[in-house]
Amino acid sequence: MSAHQAAPSRSFGLLLHAFGNRSFLIGSAITVLIALVALVSFFWTPYDITHLVVANKMKPPSWAHPFGTDHFGRDILSMIMIGSRNSIAVALVAVGIGMGIGIPIGCWAAARGGWVDETLMRMNDIVFAFPALLSAVMITAIFGPGAINAIIAIGIFNVPVFARVARAGAMSIWPREYVLAARASGKGRAQITIEHILPNIAAILLIQGTIQFALGILAESGLSYVGLGAQPPMPSWGRMLFDSQTRMMIAPYQALFPGFAIVVTVLGLNLLGDGLRDLLDPKLRRER
Amino acid sequence: MSAFLAKRLLIGLVTLIVASIVVFAVLEIVPGDPALLMLGMNATPEALEALRSQMGLDQSIPVRYFNWIGGMLMGDFGRSWTYSSPVLDLIIERGIVSLPLAILSLFLSTAIAIPVGIFAASRRGTIADSASMGAAQIGVAIPNFWFALLLVYLFAVWLRVLPAGGFPGWGAGIWPALKALIMPSLALALPQAAILARVTRSAMLEVLGEDYIRTARAKGMSRRTVLWRHALRNAMIPVLTILGLQFAFLLAGTIIIENVFYLPGLGRLVFQAITQRDLIVVEGVVMLLVASVVVVNLVVDILYAAVDPRLRVKA
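This structure is a prediction, so every number in the text was calculated from the model and none was measured.

What counts, and at which threshold
Residues numbered from 1 in each chain as written. Chains lettered and ligands numbered in written order. Predicted model: local features only at pLDDT ≥ 70, side-chain atom pairs only at ≥ 80, totals over all residues. Heavy atoms only, no water. UniProt positions renumbered as here; feature names shortened; annotations may be inferred. Helix = DSSP H or I, 4+ residues; strand = E, 2+ residues; numbered from the N terminus. Contact = heavy atoms within 4.5 Å. Buried area = accessible area lost by both parts, 1.4 Å probe. Salt bridge = Lys/Arg side-chain N within 4 Å of Asp/Glu carboxyl O. Polar contact = N/O pair within 3.5 Å; in protein donor to acceptor, adjacent residues only side chain to side chain. Core = buried A, V, L, I, M, F, W, Y, C linked by side-chain atoms within 4.5 Å. Buried < 20%, exposed > 50% of the residue type's maximum accessible area, 1.4 Å probe, protein only.

## What to know about the UniProt feature "domain: ABC transmembrane type-1" (unreviewed entry) in chain A
According to UniProt, the positions carrying the feature "domain: ABC transmembrane type-1" (unreviewed entry) are residues 84-273 of chain A. Counting secondary structure, residues 84-273 of chain A comes out at 83% helix and 0% strand; the distance between its end C-alpha atoms is 20 Å.

Below is the structure:
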């Protein structure tokens, strides 16, 4: 959004910084890797997971099955690859819902101020008073378990987060002189918000987006673990961990790899978020 | 100060009222007839009608809402539809598992996180700092239920020193009961501790960069005194905020963690009640949890004002 405004020298400087920033490098490498794995899984996985080979069940890791096989003889590596789609899709759409509703609310609150602002922010506080996971469990249990309801449940709790961040960002831009100039030239609040506020808060929203993305993946795995997320036979990392629990005595490795997948993905996104913050938010750069 | 308190109290009250309407409304639009669920498909229409009127389901929605709210204010949360005992009894019975669990994990996470955060901040830029913050970065990424599974494997399956799950009850003695809570509270505490350690570190760094810290050092105060007496107190505000927010996370976390360890706590109660459509239990427990979040945030707000007098005026 801010690309057309930045001078070429500035984006080049940013690029140089990016290569010097360890968090950003590691984080984006992991994130790209996970995204690639999810994409590849559409065309190719080491084994076909709809093809059950019972003779192969509960095999420990080997050259043929690097992560071992599960209780149906399915290849765990292939399951994890396909499971990544579910995690990414749920968390990504949930972030989309949060941004799509939260950012307009936050910008509106900042633009209008007064009672509109007060009302919107108090409504935010009310959503915050519900422990998010509890409500997600409530929503998915009442309207039926499944990936779609998990998306909605997680998405709802992203709304106040983005509303808050957008409002705080917009509030700091409104008193600037160039906004005053735009108002003096007769531009309306909506136009100013689109032309001046949004490009200037895009960076902090992007950073928050990666954080919520990571939280969404954690929340999704928790919901599928208790059986309220994606339903079998669709593989999901949380569900795989649930399945592994009863077989912990005989096949402990089954509990390892889906967990690693979650940790690596969340870690990658968090590092990317930290790196972006260092790069894009000069105010916070001195902290490190 | 009293105006500040009054405003906070009012906001808390409004939050509770709106929350109660939302909870009631959401459960009102749930498909399915509770009476039918209780009696089964073969119930006669007369029996259904009798049960519906006994459960108060034949009254209008506003009447039921006010009956429910009024009852709760008088300590009557209604009767569970599946357990056929008062909801309040269930809440107390389960609460004596969940509350110690939540307190134990809050204690563990603060006890781990604050010293680590202060340590990292006071040795900023050293290997010790990077190592502890790297560990925190990984801790944030670990789902608590997976950590719980790893703990079960380590301590219950492999070392056999702790029970894998279940709860013997406080009647079995303090130690056996506490033993059953060690792993669950550790699992709940770890991700929270990781977040808290990072917040503590950055709050300390922020404060340590202030002029008055340099002045105190210049006056000849030791590093230790400055750190503990001046910096820590001022760094506590963001730490308190996060602690308050984490309380809500802990409460929600009990739903999953209690399922991992088969602990008969509030989280498991509400989870089972939802799947059994025992809506009166769900409503009661959810309202209780929301109320405790509101109260904790209120306490945090008041503590803010106690720590930082400037905030009393601002609010």
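## Quick notes on the interface of chain A and chain B
Counting residues at the interface gives 39 residues for chain A and 46 residues for chain B. At the boundary of chain A with chain B, total buried surface from both sides reaches about 3,900 Å², with 78% on carbon and sulfur atoms. Where chain A meets chain B, there are one salt bridge. In this assembly, chain A and chain B are joined by four residue pairs in polar contact (both at pLDDT 80 or more). Ranked by residues supplied to the side of chain A that touches chain B, first place goes to helix α10 (residues 253-280) of chain A with eleven residues.

## Considering the UniProt feature "transmembrane region" (unreviewed entry) in chain B
Residues and elements named next belong to chain B. On the UniProt side, "transmembrane region" (unreviewed entry) is annotated at positions that read residues 9-30, 96-120, 141-161, 173-196, 231-257 and 285-307 here. Each end of residues 96-120 is marked by a C-alpha atom, and these two atoms are 36 Å apart; helix forms 100% of the span and strand 0%. Helix and strand shares over residues 141-161 are 76% and 0% respectively, and the end C-alpha atoms of the span are 27 Å apart.

## Some words on the nonpolar core
Judged by nonpolar contacts, the single largest core of 132 residues is most densely connected at B:Trp68 and B:Val286. A per-element tally of this core places helix α3 (residues 76-112) of chain A first, with 13 residues. Not counting residues up to four positions away in its chain, the partners in contact with B:Trp68 are B:Ser20, B:Val23, B:Phe24, B:Ile280, B:Glu283 and B:Met287. Membership of the second largest hydrophobic core comes to 23 residues, among which are B:Ile114, B:Ile118, B:Ala216 and B:Met236.

## Quick notes on the pattern of salt bridges
Any two side chains of opposite charge can pair, on the condition that their charged atoms come close. Residues and elements named next belong to chain A. The tally for this structure, following the rule as stated, stands at nine salt bridges over all chains. With a shortest N-O distance of 2.7 Å, Glu195 and Lys187 are connected by a salt bridge. Connected through shared salt-bridge partners, Glu118, Arg122, Asp125 and Arg164 make up one network.

## Overview of the environment of A:Ala141
Residue placement: A:Ala141 occurs in helix α5 (residues 132-142). Residue classification places A:Ala141 among the buried positions, given a relative accessible area of 9%. Once the C-alpha coordinates of A:Ala141 and A:Thr50 are considered, the two residues, 91 residues apart in sequence, prove to be 27 Å apart. Ignoring sequence-local partners within four residues, the contact set of A:Ala141 consists of A:Leu228, B:Ile274 and B:Arg277.

## A closer look at unusual backbone geometry
Along the chain, A:Pro232 connects to A:Pro233 via a cis peptide bond; the corresponding omega equals 10°. Mapping A:Pro233 onto the fold places it in the loop between α8 (189-225) and α9 (237-245). Phi at B:Arg160 is positive, roughly 55°, even though this residue is not glycine. Mapped onto the elements of the fold, B:Arg160 is located in the loop between α7 (144-158) and α8 (174-208). A relative accessible area of 65% places B:Arg160 in the exposed class. The phi angle at B:Tyr262 is positive, at roughly 50°, despite the residue not being glycine. With respect to the helices, strands and loops of the structure, B:Tyr262 is situated in the loop between α10 (223-261) and α11 (266-275). Exposure remark for B:Tyr262: the relative accessible area of 46% places this residue in the partly exposed category.

## So, the UniProt feature "domain: ABC transmembrane type-1" (unreviewed entry) in chain B
Mapped onto this numbering, the UniProt entry annotates "domain: ABC transmembrane type-1" (unreviewed entry) at residues 95-304 of chain B. Its end C-alpha atoms 28 Å apart, residues 95-304 of chain B is made of 84% helix and 0% strand.

## Quick word on the UniProt feature "transmembrane region" (unreviewed entry) in chain A
The UniProt record annotates "transmembrane region" (unreviewed entry) at residues 24-44, 88-111, 123-142, 197-219 and 255-276 of chain A. In the segment residues 123-142 of chain A, helix accounts for 90% and strand for 0%; the C-alpha atoms at its two ends are 23 Å apart.

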